[in-house]
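# Fold and contact review
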Amino acid sequence: MITAIDTSVLLIITRKEPRWEKWREALTKAASEGPLVVCCVVFGEFSWGYDSVNLALERLHTLHIHYDPISHETARSAYHDYLKALPYRNPELRLLPYHLINSHAALQADRLAVDTIIDPRHYYPSPKLLLC
Amino acid sequence: MTVQIQDSVVLCGHHLGVVQLGYLPSAHPAITDLSQPLPDGPRFHLPKCSALHRGYAAAWEIRDDGSLYLTDIIYRYHLQGPPLHAIWMTLIVYIPVGDIDATRSRELRYELVREATLQFKVVDGMIHQWRLVKGSGQGIRWKNGFDWPNITAMLKAQGISSELQPDPYSHSDKFSDESLPRIARECADLLRRAKLQYSDVGKKLSEDDWDMLRRGWADPFPKLDAHASVRAFRGHGPPVTSITL
């Protein structure tokens, strides 16, 4: 089973925010069940904390978290969802990063590890979710 | 030899090409031979065309009742008036259908060979029998009459494209709008399986391994919690300019 990870989870673990140990356990278990991946958005956001791309890749590689490029189908699906959401007033749904993560997890992975304050289905309606 | 201009035939609404479907009557008042002097005018000079050695190409039509009509002629002959029922024709008509056989087409060089041939026995301009031939045609029996629904069903059963003569360079039905979502799903599944097969499945991580993430990592938003940081990264939290560029 392929698990895509959202930036929120990586930030919680890295900063040791509340519930970080639960997430660490959950991802350790997920790693034993299959590859852990991050899409371009998550990699771009999380790697911003490192001085270089190489360092970010090395750190993620140590944890067997793979950078998984967006496929053509995922890109098209994300943009399609984005266009569908444009008429709505909800500001989050009008941001392409959410749609890219959603489509990537739905089409290129089996589930998405994500931590949100409100119902994560609000942001990520398509994939199966791994929550703590 | 130069590739020759083909006859065209409309077979129950399908526009198809045939090297030479039939022949013209020896003399017919509606057909004018432009190479001969006209009774009331000058003689046309028709230069030879290497792509049209027989001097003309004809357009034919096979109607739903199995009757064969001559609808137009180009170059040497001219057809006046309405389409002519080809009652002078008694022959077997061969119409190639299906995908192009690239190997045999290369061997013949000047003719596109397709995977099958639709054959019609025509007697006095009417189709009496038909058969669909793949390969040599030996042992394939003729079927009486002209039953287009039955012919269509036979073509479908033999896996012949509904276009009958599909363009070799078109994507045909395989990449139609209807099939794209299915192709996308199949591609995604293949990628997923490849990832599972070639990545570190079942990799054991220790809890200490996660400390590696912190080494060399400087928090872009030290005053925000994880959720607010994500919102900031994506442009709907605090101004993005707070990130050091």
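It should be emphasised that the depicted structure is a prediction, and the values quoted were computed from it without experimental measurement.

### Overview of the packing of helix H5 (residues 72-85) of chain A against helix H6 (residues 96-108) of chain A
Residue and element names in this part refer to chain A. At a minimum axis distance of 8 Å, the contact between H5 and H6 shows a crossing angle of 135°. With respect to each other, H5 and H6 are oriented oblique. In this structure, H5 crosses over H6, and the sense of that crossing is right-handed. Contacts between H5 and H6 involve Glu73, Thr74, Ser77, Ala78, Asp81 and Tyr82 on the former and, on the latter, Leu96, His99, Leu100, Asn102, Ser103, His104, Leu107 and Gln108. Along the lines of polarity and charge, the residues of the contact of H5 with H6 split into 5 nonpolar, 7 polar and 2 charged.

### Quick notes on H6 of chain A
For H6 of chain A, which comprises 13 residues, the first-to-last C-alpha distance of 17 Å matches the rise-based estimate of 18 Å (1.5 Å per residue) to within 8%. Residues of H6 of chain A that are buried include every one of Pro97, Tyr98, His99, Leu100, Ile101, Asn102, Ser103, His104, Ala105, Ala106, Leu107 and Gln108 of chain A, and no others.

### Points about the interface of chain A and chain B
Contacts between the two partners involve 38 residues from chain A and, on the opposite side, 36 residues from chain B. Breaking the side of chain A that touches chain B down by element, the ones donating at least two residues are helix H1 (7-15), helix H2 (20-33), helix H4 (53-62) and H6 of chain A. Top contributing element to the side of chain A that touches chain B by residue count: H1 of chain A, with 8 residues.

### With respect to the nonpolar core
One finds Ala4, Ile5 and Val38 of chain A to be the most contacted residues of the largest nonpolar core, which totals 45 residues. With residues up to four places along the chain from it excluded, the contact list for Val38 of chain A reads Ala4, Ile5, Phe43, Leu60, Ile65, Tyr67 and Asp68 of chain A.

### Points about the sheet that holds strand E4 (residues 111-113) of chain A
Residue and element names in this part refer to chain A. Pairing is parallel in the open sheet, where 5 strands are placed in the order E3-E2-E1-E4-E5. Looking at which strands have only one partner, the edges of the open sheet turn out to be strand E3 (65-67) and strand E5 (128-130). In this sheet, adjacent strand axes meet at a mean angle of 35° when their direction is disregarded. Where strand E1 (residues 3-5) and strand E2 (residues 36-38) come together, 2 bridges link them in parallel fashion. Bridging from a neighbouring strand, Ala4 pairs with Val37 of E2.

### Some remarks on the packing of H1 of chain A against helix H4 (residues 226-233) of chain B
H4 of chain B packs onto H1 of chain A with a crossing angle of 135° between their chain directions and a minimal axis gap of 9 Å. Classified by the angle between their axes, H1 of chain A and H4 of chain B sit oblique to one another. In terms of crossing hand, the pair formed by H1 of chain A and H4 of chain B is right-handed. Facing Thr7, Ser8, Leu11, Ile12 and Arg15 of chain A of H1 of chain A, the residues of H4 of chain B in contact are Ala226, His227, Ser229, Val230 and Phe233 of chain B. Of the residues assigned to the contact of H1 of chain A with H4 of chain B, the class counts are 5 nonpolar, 4 polar and 1 charged.

Parameters at a glance
Residues numbered from 1 in each chain as written. Chains lettered and ligands numbered in written order. Predicted model: local features only at pLDDT ≥ 70, side-chain atom pairs only at ≥ 80, totals over all residues. Axes fitted to C-alpha atoms, helices over the stretch in contact; angles between N-to-C directions. Helix = DSSP H or I, 4+ residues; strand = E, 2+ residues; numbered from the N terminus. Parallel < 35°, antiparallel > 145°, perpendicular 65-115°, else oblique. Left-handed = near helix turned anticlockwise from the far one by under 90°. Contact = placed C-beta atoms within 7 Å. Nonpolar A, V, L, I, M, F, W, Y, C, P; charged D, E, K, R; others polar. Expected span 1.5 Å × (residues − 1). Buried ≥ 20, exposed ≤ 12 C-beta atoms within 10 Å, placed from the backbone. Core = buried A, V, L, I, M, F, W, Y, C linked by C-beta atoms within 7 Å. Pairing = 2+ DSSP bridges.

On their own, these measurements won't tell you what the molecule is for.
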